[in-house]
Amino acid sequence: MRCEIEFTLNGATTQWAGEAGRKLLDVLRDEFALVGVKCGCREGECGACSVLMDGVLVNSCLVAMGRLQGCEVLTIEGYRLTERFKVLDRALANRSAVQCGYCIPGMVLAAEALLAACPRPSDAEVRRGLSGNLCRCTGYNAIAGAILDASKEGEGLW
Amino acid sequence: MHKISTSVIKKDHAAKMGGSAYYVGDYPSKGVLHSSFIRSPHAHARIRKVHYPALPPGYFSVDYRDITGENSVHVVLDDLPVFAQEEVFYIGDAIGMIVGPDAETTAELAAACEVSYEELPAILDINDAETAFFDYHYGRGDTERAFSEADHVFEEDFETGYQEQAYLEPQGMIAQVENDVLTVRGSLQCPYYVHRATAKATGLPTERIRIVQEVTGGGFGGKEAYPSLLAAQLGVAALKAKGQAVRCIFGRREDMEFTSKRHPSRCHYRVAVKEGRVTAMEIDVRFNSGAFTTLSPVVLQRGIIASPGVYNVENLQVRGRALRTHTVPNGAYRGFGAPQTFFAVELMMDHIAASLGQDPLEFKRANLAKQGDATSTSGRYHFPVPLPEMIERVLAASDYANKRAAYAAPQDSLYRKGIGLSLWFHGAGFTGAGERDLIKAVVALEKNAAGQVEILTANTDMGQGVKTTFSKIVAHELGIPYEDIIIHNPDTSRVPDSGPTAASRSLMVVGELLRRAAIRLKEEWCEGQPQRIEEHYTHPDYLVPFNLETFSGDAYPTFAWGVGVVELGFDTLTGANEVLGSWSCFDIGTLADEAIAVGQMEGGVLQGLGYSSMEQMAIDGRGRIRNNSYSDYLIPTSVDVPQLEVQMHVCEYPGGPYGAKGAGELPLVGIPAAFIAAAEQALGVRGINHIPLTAEETLDYLSGSQHGKDKESVR
C-alpha cells in the first residue's frame, strides 16, 4: 500500500511517498544517500543500521516507512553535527576503538541512546546498552571504555 | 616502551566515526547492473540442462560459456572453477548469474532458472572422505623406540567445528570495463591475489586489469581467497556488460552459507611419556577441505607444523590430510589451521598431566621448548621463548593457582566454576620460504614537492590498523609529522605488489620494508623535489632453509607467543556457561601502536571465546548449512564477556620494524583449549575434546558425571 508521510530527517522536515512497507534502511540509503546507515544482516540482529527514532534506538531494517508519520529520525549524518558526537568522537579516537568501522555508526547512536537515558552509566550498563550492536573486531573493551570516558568528559551534555 | 608504541589517532578514524567512510556497498545502486547467482541446491550432481527463462531487454545470463579466459580461479592450485560446467560439488556452487538493471528482477529470474540435475553420491563427513587433496608426512627422531621405552602412552581424539568469520560487512564487489580496463572494486584483503585470478578468468593482459580495495569492514581471513572467485565471476559478467558496472553485494545469508570458513578438524594424538617428560608424539590431523583445494594446503601446513605445540618433542611423526567433501570450500580464518591443532595438543597435555596426578601447568612447564631447541620441523627457536615470564604475569592477574585449587574441590552446587590455562605460539609470517620465493614483496614511497610522503603498498586496512602503523613507521624514520604521510586504499594501477594481507605479515615484513625505504628516502631527501623510493624484500640470513617436501628447516622467521587463562561458570540447570574472566599475555614484539595492538588482542580473544562456546555451524543430511544468519549463528555480544584483560610482553624481534613481529592472528589461537580446560574442571569431567561446547552437551556431561562416568570424546 502506498502512503504519503511527513517526518523529520536529521532535523529537516521531509515529505515521502511510496510503499508503506518499504524499509527505512533502504529508503535512507537508496533515496536519501545516507549511507552511513550500514546494512549488516537485514533482519534486526546486528545493529549496523541503527538509527534513532524519536530518541529510541531502532534497527532501521525492521522499520516500515508507514510507521514514520510525524516521527523524528536521526542518523549518523545528523548526529555527527552535535556537541555530544564530538565528545564521543574524541573518546573513541583516544582509545583507537574504531577498527573496521562498519558497526560504528550504529554503535555511536546506541551510545547516544544509552547516555541520554543514563548519563553516568556503569561498565555493565554500557555493555547492556551496546548489546544489540554486534562488533566482530574489538572485543568491545575499547568501545565500552570510550563511552565511559565520554560520559565523564561530556559533563552536562547528557 | 619504545617511542613508536605511543598511540596516535588512527588514520581512518574520522571517516569511519562519522559514517562517511565509503564501503563498496555504499556506491549508488542506481544506474548499475545487479546480479543474482544461480546456485546448486545439491551437494553433488551432474548438470543435465540449464534452461534460462525468457529474459527481458537489458537482462542477460552469465555462465561458463562466457568465460573468455580459463574456467579456473587461481588460489594455490587452480581446481576451483569460475562457474560450474558439468558437475556441481557443493550446495551453493555457482552455475551462473542473471545480470540486469533491477535487483529484485534479477533475483526472480535467477530463481526461475530451471536446472535439471542427476544427483550423485555426496560425501559430507571427513570420516567418509575418499580423497585426500593433500597428505603430508613429517617427523624427526625415532618415535618407535620412544614409544617402546615409554613409561606411559596416551591416546586421544579431538574435534573442532566450523567457524564463520562473521565480519560485519558482507562480501561485495563492483566490476566495470572503463577505457578498455576492467576495474574491480571490492571488500578484499589481497588486491594482487584478486588481480591474478581476474586475469586468468578473463584472459585479459594484466595491464588491462585494475583492482581497487574499498574500505573493508573486517576480513579475518574470510576476504583472503573468496574475493578471487567473486572477482573472476563479476569480471566475466562485466566483459559481457559492455561498459556498464555490474554490482554484487552479498546479503548476510548468502555470505554465511557460501563463502569460506574455518576448516572443521579431527585430530588423533598418541603421546609417549618417560620420567615426566613427553618423549614422542604421533599426530594425525584431518581437515575438511570442502569441495575444492583453495587455501587448504597452506592452512594444513601451518596446522601440522603447530601440532606439537610449544613443547620440545624430540621424537615426532605427524601426518596431515586435507580431505575432499561435497561441502563449501573452507579457507583462511585468523590462526589458519593452528587453532585446531593447538586445541588438541593443549588439552592432550592437560589430560596427560591429570592422568599422571600432576598439575597441568607444572607438566607443561617441564616440557616447554626454550631458545636454541629444535622446532617441530627441525629448525631452531632462534630467539628467547618468553613463556615462563608470561605465565607468571597471567597467573598473578588471574589468581589462577588459588582458583584452580578451590574449584578442584568437589562441586555440587547448582552453579559451578572452573579455570583453565593454555600456552601457544603463532609462527610469524608465511610458512616456509614463501616470502622469498613467491611473494617477493616490493614497497614504494613517493614524496611530493610539498614534502608529503605517500605510502604505496598492496596491504589493506580491514580494521587492523596498517594505515596507521605504516604511517607511524615512515613518519618516525623521516622525522616528519604523521599528518604529512598519505596512505590510500590500494589500487593495483598505483601500488607495487607488497604481497597479501595475511599470515600476520603486514607489519612485520612490509612494515620493515617501509622502514628501510624511509631511511633511504631520508638519506636521499631533496627539498622541494618529487622523489620515489622502492624497497625489495630480503630474506633473513640466519634461517635454516625450509624444505616443504620434508617439512624441515625454519618454517617461520620467529614466533609470537600467547598465554591465556579462562574462568567459566556453569548453570547446571540450563547448561549455559558464562565467561567470568579472561586473562592473557601476548608477545608480539615491540608494539607499533599500543592501543591498536591491545585492540587486536582483545578482539582475537573474544573470537576465540566465541569459537569455543556459541559459534556452532552445522550441516544437514543433504549438505546444507543449517544456520546462515546472525539469528542462529551467534557471535559474542558486549554482555557475553566481562572486561577482557590483556597484558603485553615485549620480546623484540630484530627482523621486524623496531622489534615488531606478527600479531593479528595470535590471540585467538590458544583460547579454545583454556576454555575447555575450564569447562572440564567446572563439570568434573575429562575428555570434552571438542568445540564448540553447547548447553545441550553440557547437560549431557552433567548427567554423565553424576553417575561417575568419565566421558571420553563423544562424537
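Residues numbered from 1 in each chain as written. Chains lettered and ligands numbered in written order. Predicted model: local features only at pLDDT ≥ 70, side-chain atom pairs only at ≥ 80, totals over all residues. Heavy atoms only, no water.

Peer 1: I'd like to hear about the overall build of chain A, residue by residue, with values.
Peer 2: If you tally the helices and strands in chain A, you get six helices and five strands. Overall, chain A shows an N-to-C arrangement of helices and strands of β-β-α-β-β-β-α-α-α-α-α. By the compact-globule yardstick of 15 Å for 158 residues, chain A fits well, its C-alpha radius of gyration being 15 Å. For chain A, the share of sequence-separated contacts (at least 6 apart) that also reach a separation of at least 24 residues comes to 56%. A total accessible area of about 6000 Å² is found for chain A, and carbon and sulfur atoms account for 48% of it. (Helix = DSSP H or I, 4+ residues; strand = E, 2+ residues; numbered from the N terminus. Rg over C-alpha atoms; globule rule 2.2 N^0.38 Å. Contact = heavy atoms within 4.5 Å. Areas by Shrake-Rupley, 256 points an atom, 1.4 Å probe, with all protein chains shown as cover.)

Peer 1: With reference to specific residues and values, describe the side chain of H195 of chain B.
Peer 2: Take H195 of chain B: it is sitting in helix α4 (residues 191–202). H195 of chain B gets classed as buried once you look at its relative accessible area, which sits at 8%. (Buried < 20%, exposed > 50% of the residue type's maximum accessible area, 1.4 Å probe, protein only.)

Peer 1: Break down the sheet that holds strand β12 (residues 246–249) of chain B for me, with residues and values.
Peer 2: Residues and elements named next belong to chain B. Taken in spatial order, the seven strands of this open sheet run β3-β5-β1-β12-β9-β10-β11, and their pairing is mixed. Looking at strand neighbours, the two that pair on one side only are β3 (60–63) and β11 (209–213), the edges of this open sheet. On average, each strand axis in the sheet is inclined to that of its neighbour by 25 degrees, with strand direction left out of account. Here two bridges tie strand β1 (residues 33–39) to β12, and the two strands are oriented parallel to one another. By the bridge assignment for β12, H34 is matched with R247. (Pairing = 2+ DSSP bridges. Axes fitted to C-alpha atoms, helices over the stretch in contact; angles between N-to-C directions.)

Peer 1: Could you give an account of the confidence of the model for chain B, with specific residues and numbers?
Peer 2: All names here are of chain B. Chain-level pLDDT for chain B is 96 on average; 98% of the residues reach the 70-or-more range. Every residue in residues 705–715 scores below 50 in pLDDT, and together they form 21 contacts with partners more than four places removed in sequence or on other chains. With pTM at 0.97, the complex prediction returns an ipTM value of 0.99. (pLDDT = per-residue confidence, 0-100.)

Peer 1: I'd love a proper account of the domain arrangement of chain A, names of residues and values included.
Peer 2: Residues and elements named next belong to chain A. Domains assigned within chain A are domain 1 (2–78) and domain 2 (82–153). For domain 1 versus domain 2, the distance between C-alpha centres works out to 21 Å. On the domain 2 side, the residues contacting the 17 residues of domain 1 number 13 residues. Carbon and sulfur atoms supply 68% of the area that domain 1 and domain 2 bury against each other, a total of about 1100 Å² over both sides. (Domains from an automatic or database assignment. Buried area = accessible area lost by both parts, 1.4 Å probe.)

Peer 1: So what's going on with the domain arrangement of chain B? Residues and values would help.
Peer 2: All names here are of chain B. As assigned here, chain B comprises domain 1 (24–121 + 166–258), domain 2 (265–430 + 553–703) and domain 3 (434–536). Distance from the C-alpha centre of domain 1 to the C-alpha centre of domain 3: 32 Å. Of the roughly 1300 Å² buried at the junction of domain 1 and domain 3 (both faces included), carbon and sulfur atoms supply 51%. Considering only the surface of domain 1 that becomes buried against domain 3, Q189, Y192 and Q213 emerge as the three largest contributors, covering 45% of it. Inspection of the domain 1/domain 3 interface yields two salt bridges. Notably, a salt bridge pairs R196 with D497, separated by 3.3 Å at the nearest N-O pair. Contributions of two or more residues to the side of domain 1 that touches domain 3 are made by α4 and β11. (Salt bridge = Lys/Arg side-chain N within 4 Å of Asp/Glu carboxyl O.)

Peer 1: Would you mind going over the interface of chain B and chain A in detail, with residue names and values included?
Peer 2: If you look at the interface, chain B gives 57 residues, while chain A gives 45 residues. Between chain B and chain A, roughly 3800 Å² of surface is buried when both sides are summed, and carbon and sulfur atoms account for 55% of that area. Counting the surface chain B buries against chain A, the share from its top three residues, M17, L168 and S638 of chain B, is 20%. The interface formed by chain B and chain A contains four salt bridges.

Peer 1: Let's hear about helix α11 (residues 400–408) of chain B: which residues, and what values?
Peer 2: Residue and element names in this part refer to chain B. Those residues of α11 lying buried are Y400, K403, R404 and Y407. Considered in projection along α11, the buried side chains sweep an arc of 100 degrees and stay on one side of the axis. Among the exposed residues of α11, those pointing more than 90 degrees away from its buried face are A401, N402 and A405. Of the surrounding elements, those touching the buried residues of α11 are α9 (360–367), α10 (387–398), β16 (415–427), β21 (559–571), β22 (577–587) and α17 (671–683). (Arc of directions from axis to C-beta.)

Peer 1: Account for the nonpolar core, with residues named and values stated.
Peer 2: Counting 204 residues, the largest nonpolar core has L88 of chain A together with Y269, M281 and L609 of chain B as its most contacted members. Leaving out residues up to four positions away in the same chain, L609 of chain B has contacts with V566, V579, S582, V641, L644, I671 and F675 of chain B. (Core = buried A, V, L, I, M, F, W, Y, C linked by side-chain atoms within 4.5 Å.)

Peer 1: An account of the sheet that holds strand β17 (residues 442–447) of chain B is requested, with residue identities and associated values reported.
Peer 2: Residues and elements named next belong to chain B. Strand order in the open sheet formed by four strands is β19-β18-β17-β20, with mixed pairing between adjacent strands. Among the strands making up the open sheet, the edge pair consists of β19 (485–486) and β20 (531–536). When β17 meets strand β18 (residues 453–456), the two strands line up antiparallel, connected through four bridges. What sits directly across from L445, in β18, is I455.

Peer 1: Any chance you could break down helix α5 (residues 226–240) of chain B for me, citing the residues and the numbers?
Peer 2: Residue and element names in this part refer to chain B. For α5, spanning 15 residues, the distance from its first C-alpha to its last is 22 Å, which sits close to the expected 21 Å at 1.5 Å a residue. The element α5 is extensively covered by neighbouring structure, given that 13 of its 15 residues are classed as buried. Count one or two residues on from α5 and you reach K242, which has phi positive near 50 degrees. (Expected span 1.5 Å × (residues − 1).)

Peer 1: Which residues make up the packing of aromatic side chains, and what values go with them?
Peer 2: Residue and element names in this part refer to chain B. Enumeration over the complete set of coordinates arrives at 25 aromatic pairs over all chains. On the numbers, 6.1 Å between centres and 25 degrees between planes, the contact of F134 with Y136 is stacked. Assessed through its relative accessible area of 14%, Y136 is described here as buried. Every member of this aromatic cluster is reached through a ring pair, and the members are F133, F134, Y136, Y138, F546 and F551. (Phe/Tyr/Trp six-rings, centres within 6.5 Å; stacked < 30°, edge-to-face > 60°.)

Peer 1: Can you tell me about the environment of R404 of chain B, naming the residues and giving the values?
Peer 2: All names here are of chain B. Relative to the elements of secondary structure, R404 occurs in helix α11. When the C-alpha positions of R404 and R252 are compared, they lie 41 Å apart, and in sequence the two are 152 residues distant. When sequence neighbours within four positions are dropped, the list of residues in contact with R404 reads P360, I419, G420, A677 and Q681.

Peer 1: Break down the packing of helix α4 (residues 104–117) of chain A against helix α6 (residues 141–153) of chain A for me, citing the residues and quoting the values.
Peer 2: Residue and element names in this part refer to chain A. Following both chains from N to C, one finds α4 and α6 inclined at 40 degrees, their axes separated by 11 Å at the closest point. The pairing of α4 with α6 is recorded here as oblique in orientation. Considering the relative orientation of α4 and α6, their crossing is right-handed. On α6, the residues touching I104, M107, A111, L114 and L115 of α4 are I143, I147 and S151. Residue composition of the contact of α4 with α6, grouped by class: seven nonpolar, one polar and no charged. (Parallel < 35°, antiparallel > 145°, perpendicular 65-115°, else oblique. Left-handed = near helix turned anticlockwise from the far one by under 90°. Nonpolar A, V, L, I, M, F, W, Y, C, P; charged D, E, K, R; others polar.)

Peer 1: How would you sum up the pairing of β22 of chain B? Please name residues and give values.
Peer 2: All names here are of chain B. The buried count for β22 comes to eight of eleven residues, which makes it a mostly enclosed element. Summarising the sheet, β21 and β22 pair through ten bridges and their orientation is antiparallel. Along β22, the bridge assignment pairs F570 with N577. Adjacent in sequence and paired antiparallel, β21 and β22 are bridged by five residues, among which G575 carries a positive phi angle near 80 degrees. The handedness of the β22 to strand β23 (residues 644–648) crossover, carried by helix α15 (residues 594–612), is right-handed. (Right-handed = clockwise from strand over helix to strand, strands pointing away.)

Peer 1: Quick one: what's the story with unusual backbone geometry, residue by residue and with numbers?
Peer 2: Residue and element names in this part refer to chain B. A cis amide bond, omega -5 degrees, links I691 with the succeeding residue P692. Relative to the assigned elements, P692 resides in the loop between β24 (690–691) and α18 (695–706). Positive phi, normally seen in glycine, also occurs at F220, with a value near 55 degrees. Here F220 shows up in the loop between β11 and α5. The exposure class of F220 is buried, given its relative accessible area of 14%. Its identity as a non-glycine residue notwithstanding, K242 has a phi of 50 degrees, on the positive side. Tracing the backbone shows K242 in the loop between α5 and β12.

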